[in-house]
Structures are given as structure tokens and as C-alpha cells.
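Given next are the chains, with one letter for each unit.
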Protein chains: 2
Amino acid sequence: MVLQSNISNPCNKKCKSQFHGGTEARKKELIHVKNPHLERMPCDTLYHIHLGTEYQDLQALFGDIKFVCMGGTPARMKEFAHFIKNEIGYIPPYGTTLEDISKLGHRYSMFKVGPVLSVSHGMGVPSIGILLHEMIKLMYHAQVKDPVFFRIGTCGGIGIEGGNIVITSEALNGYGEPNFDLPVLGKKMSRPAKLDSNLAMDLKNLTLPEDPWDTTIGKTMCADDFYEGQGRLDGAFCEYSEADKIAYLTKLHKNGVRNIEMEAVIFGALTHHAGIRAAIVCVTLLNRLNGDQINSTREERDEWQARPQKLVSRYIKNQLNLSS
Amino acid sequence: MVLQSNISNPCNKKCKSQFHGGTEARKKELIHVKNPHLERMPCDTLYHIHLGTEYQDLQALFGDIKFVCMGGTPARMKEFAHFIKNEIGYIPPYGTTLEDISKLGHRYSMFKVGPVLSVSHGMGVPSIGILLHEMIKLMYHAQVKDPVFFRIGTCGGIGIEGGNIVITSEALNGYGEPNFDLPVLGKKMSRPAKLDSNLAMDLKNLTLPEDPWDTTIGKTMCADDFYEGQGRLDGAFCEYSEADKIAYLTKLHKNGVRNIEMEAVIFGALTHHAGIRAAIVCVTLLNRLNGDQINSTREERDEWQARPQKLVSRYIKNQLNLSS
């Protein structure tokens, strides 16, 4: 299969971003967009994050990025942006405040805090998948070197009570395989879902004795559904018994799975494929061996959801030589 | 497998909603939540839409619902809510306005306009899947009879230019099969993805000669990805040629597929499984046989996105005997 591109030029304009080509040395330092068509495109619209090369110099705007932090909801990622702003001492000019860069795309929220991007990804593999493609291309267009990607999320614990942190050692799909599978042109394409083990250990080692949570490194099962796909009994449909559910979750636990969420396999697969170091840091909302419904109070959940943010913040501050 | 439930009572409270049990005759009229555990749960928290039976009488609040309209973004569904409000002549009390019922869930936006619910679903099968489980349970708890569900969306056309409407006759997954597949307890569960053909025809017949769009009933391919999963050449990765892409899209077209989007199979599967009449009405943003990037202006897209809303509104007004 010859990977030549005959893509016609749809805009006939000179793009503001200069991303075409580049020396081999430069290409080696940068992340891997394994797409020969991309370099031949005159412009690239990152549609869902509302950015593009035609009208924006993405290297000027994002070239200083070192950390990309993703989480499910716009509210949480706005909160994280303001939290990290205080943590790293980023002071925007007087009279300004952080703004949602992707607001007019209506899908994701993105905030830039100096070298940190805080972005919401929605729920599920397809939603975060679109964002990952566009963020990876953004890093490419901005010529960012060696960014670190984090997913800061929530999850169901398996044998772990609510309020504790699980860092993903390996992401498994719903069939227990460490792959992200996707039909492409009608046929199954499979990519290994790998996270950076050194990064996981570095994060775990930042947990302090006085922290009101435990941090575990364990396997993560990535489901495509919140209810039946996670063995819950409280969906609109359920064709198995509670005993079946417990047997399944117990089997997962014996296999080293410590939490279930809905984005891990593609997060691992696409960052790995791009050569980007990445980690998933989630707080458990409940222990699934004890139930399905999330019965914590909003105050508890708010405090718990801040815990992975604190851990990732410590890492970022270390890397920026800002630790107190 | 004996489907008995021994779920313990987590809240020990008497729920405000009285959804437990019911006569056989009542059960026959209502939608099918095929989950024997549900009736034995003392309370049900619809976590992501921020509703629940413990503190709310869902029948009193939602018992009058006849139509549930879903679309991708909160902005679009808020716009649709205000549009349908004017179309059906729903006048809230002076000094009030529509409010996002699910705001504090931070995932979806939901607006109630008399007998119409307008809800955002995010992107992709898992995201709309969570919503569908909770909306179907909501209809059950509210004892709604024979609601009609619509997905009002955007899509890529295949052989159809931007700005035209495709109503889904059949939803196909990425392998070309008319099924929604999901790993449940580690094994593949498959449900047929069916839409209501009479409803599709009723909608098509509401297209007027003066409408600036064509309406086609055709098959819809539901992808789990916006880029490689839809044969695009402009993702962060691409391992096939433009010729491969065109061959694939042409094959889809020959098989009767007229559009590609990202929610159809689960929308068809879960509504069908619940006995709910449902239709998917999408406007094309581009003809994928001519390109991948969405190059229309925002004004064009805004006007196009109103087109499925208008068609569904005509149906709703007919059903409410409100057509002028």
C-alpha cells in the first residue's frame, strides 16, 4: 500500500502556522504523528477544540506547553486550571483571567496556564479519542518537545474504598486484553494500550504519609458503558445476577485490576503510539465489590476529586523546580 | 442463571417516587426496563443527569413527557429547547425561563418544555449510552407511556452534500453489522440496532417542497472514532491511502449507507430493547467523498443544524395537533 497523498488544497491560502516538513533532526525530537498526509495538507482545522493552522500560529501560542492534563468535565478542568495556576504561581496580567480556549467548539473546554493545558474530554473512548487526535496534532503543530499527558479522573474501585487513588499500570479493554481495538475501513485495528511505568512510580512516590488517601498502582479495566459494561445491576437493563457480577469483579481483582473507568485503553494506546509519556491518575468514588450506586455526598466527591489533582500538581511543580 | 436480587438497601429511606412493582396491566403499557433488580431497589440515583427517586417524585415532574430529543452539545439542545418552546406555544410563568435540569451533574444538559425533553448526549456510543440508560429509567420511574425518542444530530454524508438531512433506516457498526456489541462480564453481548421505519417515513413526509434541503432515508454507519474510524486522512495517525479511503466509502455507499456519525447503533439498540419508538435525524456537514475537513462557515453550520430541528418540530406539532 503506497501511502501517497493526493489531497487537494481546499483553502488555497497560506497558513499562519509553519508546520510543513522540517529537518530529520527536528522530527526526531518531536512527537510522532504517524500520518504522511498531514504534512501535505496546506491547513489543518482542529475542529472540536476550535483551533487551526490557517488563522493561528500554534507554535507561538502553545510552543511552551510541557504538561497536558485531561479530565471528564468542563467544571473539573476549569477548577484544576485555577488550582494549578496558584500552585505554580502563574500570574496572568492584571485585569485578565483564564478563558476557555475551546468554548466556541462547544465540545471540550481548554485552559492554558503557562506550560500547563487543562482540557475536558467528556465520557468514553470515542469522546476522549477525538480530543487525543487533536491534542496530539496540536503538540505537533506547536512543535512541543516531550510533553507529558495526564488523565485525572474518577473511577470505580475494585477492592478499594472511595476516596483513594489508583494509578494505571496497564489498561485492559472489556475483554481483558491490553489493547485498543477499532474498526478501520471495516477491519479490526489493534494498538497496545501502554502507560509509562516510570511516570506511574514517580507519581506514587509523591504521596505523603499525611495524605488522607492511599495510592495504588494497578491495572485498569476500561469499559464502554457505565452500567452493563461495568457489571452494574442498576441500569435500564440487566441480564445477570448479583452473584455473576461479584464473580466477575472478583476475577478482575485476582487479575490485578484495581479500578474501572471509561477512557484508559485509548489514552494509553494513542499516547504510546505518538511517543508521549502518559499516566492515568484516578480517585475511586466507591468500591464496586460493595455496590453500584454512587452514594457519597457532593462535598465528599468534591474533596476526593481534588486528590489526583494534588498529586499531579506535585509532579508538575517538581518538574518546574517549584517544590517548596 | 437465576435472576434474583439480594441488593441490600443502601439508604434505608422511603423514596419519594413510588415506582416499585405495579399491576401487570400497567407494566404492559410502560416501557421495558428489562432489569429485575431495579424494582427491588429502594431508591435509584440517576447520577449523570442529577435526578433520583429518593428526593424527587419523578412521575409528578416528568409524567407528561411525550418526546425526548437528544443531540450532541449543550448549546444546541438549549437552542432547540427555546425553539420548540416557541413552536408549540409553551409559555412558562411570567418571570421564569427554561433551566438546565441536569446542570449539577456536569455531564449533560436537560431542558423540559412541557411534553418535550431536550437533552445533550456528548460524543460517541459510551456517552450517549449512559444517557440512554438513565433516560429510559427516568421514563420508567415517571410512568411515561409510549414516549418517542429522537436523536437530532450532525454527520458526514456519503454521496450527499452538506446541508441535507439523512434519516436512519438502519444503523450499522464499524464492521458493517446492524448490531450494538458490548463486552458484558468479559463476554460479547450483541443487540440488534433497530429504528422505527414508520416514524422515519412520517418524518420524511414532513419535508416540504420549499425546504432548502433534501431528505433521504438511508443506512447510517456508526463509528467509534472521528478520524481513522471514519476513514479520514487528517487524524494524528493514518496508515492507509486516499485510494483506500475512497474505496471504503464507495463500498459503504453501494451498501446503502448515506451517512456516518457516532451514536446510531446504541441509540437504535437500547430504544428498541426498551420498546421505545425512535428515529435519528441528522444534517450532513460535508460529503465525505469530497474531503474530510469541515470547511463550512459557522453561519452555514448554524443554519444547517436547525434543519433537523425544524423537521422534528413539525412531527411534534402534528402529534400535539398544533400544526398551522
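Note that the coordinates shown come from a computational prediction; the quantities given were computed from them, not determined experimentally.

Right, let's talk about helix 7 (residues 264-273) of chain B for a bit. Residue and element names in this part refer to chain B. Buried residues dominate helix 7, accounting for nine of its ten residues. Every buried residue belonging to helix 7 is among Ala264, Val265, Ile266, Phe267, Gly268, Ala269, Leu270, Thr271 and His273, and all of these are buried. Backbone geometry just after helix 7 places Gly275 at a positive phi near 75°.

So, on to the environment of A:His141. Topologically, A:His141 is positioned in helix 5 (residues 125-141). Using a relative accessible area of 1% as the deciding quantity, one classes A:His141 as buried.

This part covers the side chain of A:Thr73. Residue position: A:Thr73 is located in the loop between strand 3 (67-71) and helix 4 (74-88). Of note is the side chain of A:Thr73, whose polar atom sits 3.1 Å from the backbone nitrogen of A:Arg76. Beyond its immediate stretch of four places on either side in the chain, A:Thr73 contacts A:Ser120, B:His106 and B:Arg107.

Let us look at the relation of the copies chain B and chain A. For the match of chain B to chain A, the screw axis carries a shift of 0.0 Å, the RMSD comes to 0.0 Å, and the turn is 180°. Here the transformation between the copies is reduced to the relation of a two-fold axis. Comparing interface residues between copies, 100% of those in chain B also sit at the interface in chain A, which points to an isologous, same-surface contact.

Residues and elements named next belong to chain B. Positive phi is not limited to glycine here, since His106 has a value of about 65°. The partly exposed category is assigned to His106, whose relative accessible area is 41%. Despite not being glycine, Gln143 has its phi angle at roughly 55°, a positive value. Note on placement: Gln143 falls in the loop between helix 4 (125-141) and strand 6 (148-157). Residue Gln143 is classed as buried on the basis of its relative accessible area, which comes to 17%.

So, on to the interface of chain B and chain A. In this complex, chain B contributes 81 residues to the contact, which on the side of chain A involves 81 residues. Between chain B and chain A the total buried area reaches about 7,000 Å² when both faces are included, carbon and sulfur atoms providing 61% of it. Contact with chain A buries area across many residues of chain B, yet B:Met123, B:Leu185 and B:Phe237 alone supply 12% of it, more than any other trio. In this structure, the connection of chain B to chain A is made through four salt bridges. A:Arg191 is paired through a salt bridge with B:Glu228; the nearest N and O atoms lie 2.7 Å apart.

Reports often express the size of an interface as the amount of accessible area lost when the parts come together. Residue and element names in this part refer to chain A. Domain boundaries assigned for chain A yield domain 1 (1-145) and domain 2 (146-324). A straight line from the C-alpha centre of domain 1 to that of domain 2 covers 24 Å. Contacts between the two partners involve 33 residues from domain 1, matched on the other side by 34 residues from domain 2. Buried surface at the junction of domain 1 and domain 2, both sides included, amounts to about 2,800 Å², of which 68% is carbon and sulfur. For the pair domain 1 and domain 2, the number of links is one salt bridge. Its salt-bridge partner being Lys317, residue Glu87 comes within 3.1 Å of it at the nearest N-O pair. Here domain 1 and domain 2 share 14 residue pairs in polar contact (both at pLDDT 80 or more) between them. Taken together, the elements giving at least two residues each to the side of domain 1 that touches domain 2 come down to strand 3, helix 4 and helix 5.

Another aspect to go through is empty space enclosed by the protein. Here the idea is plain: a probe the size of a water molecule rolls over the atoms and shows the empty space left. All names here are of chain B. Applying the stated rule across the entire model yields three cavities of 30 Å³ or more. Each pocket or cavity is described by its volume, and for the largest cavity that value is around 270 Å³. Elements with a contribution of two residues or more to the lining of the largest cavity: strand 6, strand 11 (257-261) and strand 12 (277-287). At four residues, strand 6 tops the list of elements feeding residues into the lining of the largest cavity. Residues of the lining of the largest cavity, tallied by class, amount to ten nonpolar, eight polar and six charged.

Residue and element names in this part refer to chain A. The UniProt feature table records "binding site: phosphate" (unreviewed entry) at Arg107, Arg151, Ile152, Gly153 and Thr154. As for the annotated residues, the ones lining the largest cavity are Arg107. Checked against the element boundaries, Arg151 lands in strand 6 (residues 148-157). Apart from the residues lying within four places of it in its own chain, the contact partners of Arg151 are Met70, His121, Ile128, Glu261, Glu263, Phe267, Ala279, Ile280, Val281 and Cys282. Relative to the assigned elements, Gly153 resides in strand 6. Using a relative accessible area of 3% as the deciding quantity, one classes Gly153 as buried. Dropping the residues within four chain positions of it, Gly153 is found in contact with Arg76, Val281, Cys282, Val283 and Pro308.

What counts and what doesn't
- Residues numbered from 1 in each chain as written.
- Chains lettered and ligands numbered in written order.
- Predicted model: local features only at pLDDT ≥ 70, side-chain atom pairs only at ≥ 80, totals over all residues.
- Heavy atoms only, no water.
- Buried < 20%, exposed > 50% of the residue type's maximum accessible area, 1.4 Å probe, protein only.
- Helix = DSSP H or I, 4+ residues; strand = E, 2+ residues; numbered from the N terminus.
- Polar contact = N/O pair within 3.5 Å; in protein donor to acceptor, adjacent residues only side chain to side chain.
- Contact = heavy atoms within 4.5 Å.
- Least-squares fit on C-alpha atoms with pLDDT ≥ 70 in both.
- Buried area = accessible area lost by both parts, 1.4 Å probe.
- Salt bridge = Lys/Arg side-chain N within 4 Å of Asp/Glu carboxyl O.
- Domains from an automatic or database assignment.
- 1 Å grid on protein atoms, 1.4 Å probe; cavity = no way out; pocket = protein on both sides within 12 Å on 5 of 7 lines; lining within 4 Å.
- Points joined across faces, edges and corners; volume = space filled by probe spheres on them.
- Nonpolar A, V, L, I, M, F, W, Y, C, P; charged D, E, K, R; others polar.
- UniProt positions renumbered as here; feature names shortened; annotations may be inferred.

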